[in-house]
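Overview (structure and organization)
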Amino acid sequence: MAVARKEVTGLTARAAGLVGCLHCGSVWPKDTSRCGLCGSALTSRRNASLQHVWAWWWAGAIFYIPANLYPMLRTSLFGQESSSTILGGVLELVKHGSWFVAFVVFFASIMIPVGKFIAIAYLATVIRRGGAIDSHSLHKLHEVVEFIGRWSMIDVFVVAVLSALVHLAFVVNIDPGVAAICFALSVVFTMLSALSFDPRIIYDVAEVRE
Amino acid sequence: MIQEPPPTVPTGDLAELVACPQCDLLHHVGNVSEDASSRCKRCGTVLFAPRTGAIERLVALALGALVLMVVAVSFPFLQMSASGFSSKASVFDTISAFTGGLMAPLSLATAAFIILLPVLRLCALIYAVGPLLFGRPPVPGAATSFRLASRLKPWSMAEIFMIGVAVALVKMMGMASIGFGTAFWAFGFLVILVTAMDAMMCERTIWRLLAKR
């Protein structure tokens, strides 16, 4: 077994003529189409990975625009209507002195989505171009993007809670705005974009160089 | 769907190998020992993290979370009062906040993210892993349900909902006084249980356990 061990060191499943399962890690002969252990579809590399990444990226980016331009919340206080966008909501919190919460919302609704668009575009561009890349930092970047993306949903839930609870006769009423749905879609699409990225191709690019 | 064959590990030498799901590097599983996690040599991804009693704790936490979810949807969640008026909201009200026209799909999505998908995920986990506790062979469909549970993970957002609730409370502090209902605390504990469960669950180890018997 010691000999076999040495043989596989530093070898990828693909280079060994095998295919590894993305979910359970088990290894199968190259042409197996479905993992016998966990039943997932097997592909050595998701070939259309980058196309899918870009398709979802654009869908997310397109919905992120109206999400910022249209109101997230419509508030009526003693019959006086006002509405606030994502950024408006953050500024309002700052005005009330809730710095920490303002930061949380700003981080979740603006920094994460924008950072995610930049990070995914950067990953996809660098991978396509090939050449000298630092696989470990790119891999870390992808892990962070995949982990943090779902947290953008915070603002959608804030709107849901406020519009469910704040209905006090004529005193104060809060209703959701169109931006809520655009923002939710944008988050879902960018999550799908990050999920369609096949991290294994990051290391392929590095190998080609070597 | 066609009837799925029971989970099996690959035959021969392949059974001894595992490919890192992040970078495709092959590793030997022969030397993965009990209570020691093994990481990919190249990218550091955790390949296996077996722990004694992991299955027991996993099932216990999932059952606990499921019970708390029942409490969370059947009791009042929050209430607010100002200028002599008051209003109450249950978790269901929160979901149906987006009603009417364009907002209806958002209601459905919220329901899915904070209740339906988490519940489905917990049930699928218990169904797939539960029988292992009693030394039984995996039930038919165990692989399908465990696969479902792992795919649902990014889409169950109970913990994100709780942060959203916290932000909403801060926004309301100025205009009204807030009361916390039983469901609020139930949901809070549920988030803690699910987080603990996710932190200790090692999917690849469980897959191997599902195939072993």
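Report on the accompanying structure. Nothing here was measured: the structure is a model prediction, and the numbers come from that model. (Residues numbered from 1 in each chain as written. Chains lettered and ligands numbered in written order. Predicted model: local features only at pLDDT ≥ 70, side-chain atom pairs only at ≥ 80, totals over all residues. Heavy atoms only, no water.)

**As for the nonpolar core**
Core analysis: the biggest nonpolar cluster contains 142 residues, and Met153 of chain A together with Phe77 and Phe187 of chain B have the highest contact counts within it. Apart from the residues within four sequence positions on either side, phenylalanine 77 of chain B is in contact with Ala89, Ser90, Val91, Phe161, Met162, Val165, Gly179, Phe180, Gly181, Ala183, Phe184 and Phe187 of chain B. Grouped together as the second largest cluster of nonpolar side chains are seven residues, Ala13 and Leu18 of chain A together with Ala19 and Leu26 of chain B included. (Core = buried A, V, L, I, M, F, W, Y, C linked by side-chain atoms within 4.5 Å. Buried < 20%, exposed > 50% of the residue type's maximum accessible area, 1.4 Å probe, protein only. Contact = heavy atoms within 4.5 Å.)

**Quick look at the interface of chain A and chain B**
A common way to state how big an interface is: give the accessible area lost once the parts meet. Residue-level contacts link 73 residues of chain A with 71 residues of chain B. Surface buried jointly by chain A and chain B totals about 6,000 Å² across both partners, of which 73% is contributed by carbon and sulfur atoms. Among the residues chain A hides against chain B, the three largest losses belong to Leu37, Phe157 and Leu165 of chain A. Together they make up 13% of the total. The interface formed by chain A and chain B includes two salt bridges. Applying the counting rule to chain A against chain B returns 15 residue pairs in polar contact (both at pLDDT 80 or more). Among the elements that line the side of chain A that touches chain B, the one with the most residues is helix α6 (residues 154–165) of chain A, at 11 residues. Of the residues in the side of chain A that touches chain B, the class split is 49 nonpolar, 17 polar and seven charged. (Buried area = accessible area lost by both parts, 1.4 Å probe. Salt bridge = Lys/Arg side-chain N within 4 Å of Asp/Glu carboxyl O. Polar contact = N/O pair within 3.5 Å; in protein donor to acceptor, adjacent residues only side chain to side chain. Helix = DSSP H or I, 4+ residues; strand = E, 2+ residues; numbered from the N terminus. Nonpolar A, V, L, I, M, F, W, Y, C, P; charged D, E, K, R; others polar.)

**Brief notes about empty space enclosed by the protein**
Here the idea is plain: a probe the size of a water molecule rolls over the atoms and shows the empty space left. Residues and elements named next belong to chain A. All told, the structure shown has three cavities of 30 Å³ or more when counted by the stated rule. Taken as a whole, the largest cavity spans an internal volume of roughly 60 Å³. Of all the elements in the fold, those that place two or more residues in the lining of the largest cavity are α3 (86–95) and α6. Roughly 50 Å³ of internal volume is contained in the second largest cavity. Listing elements by their share of the lining of the second largest cavity, those giving two or more residues are α4 (99–129) and α7 (178–196). Of the residues assigned to the lining of the second largest cavity, the class counts are three nonpolar, four polar and one charged. (1 Å grid on protein atoms, 1.4 Å probe; cavity = no way out; pocket = protein on both sides within 12 Å on 5 of 7 lines; lining within 4 Å. Points joined across faces, edges and corners; volume = space filled by probe spheres on them.)

Worth remembering: the numbers are spatial, not functional.
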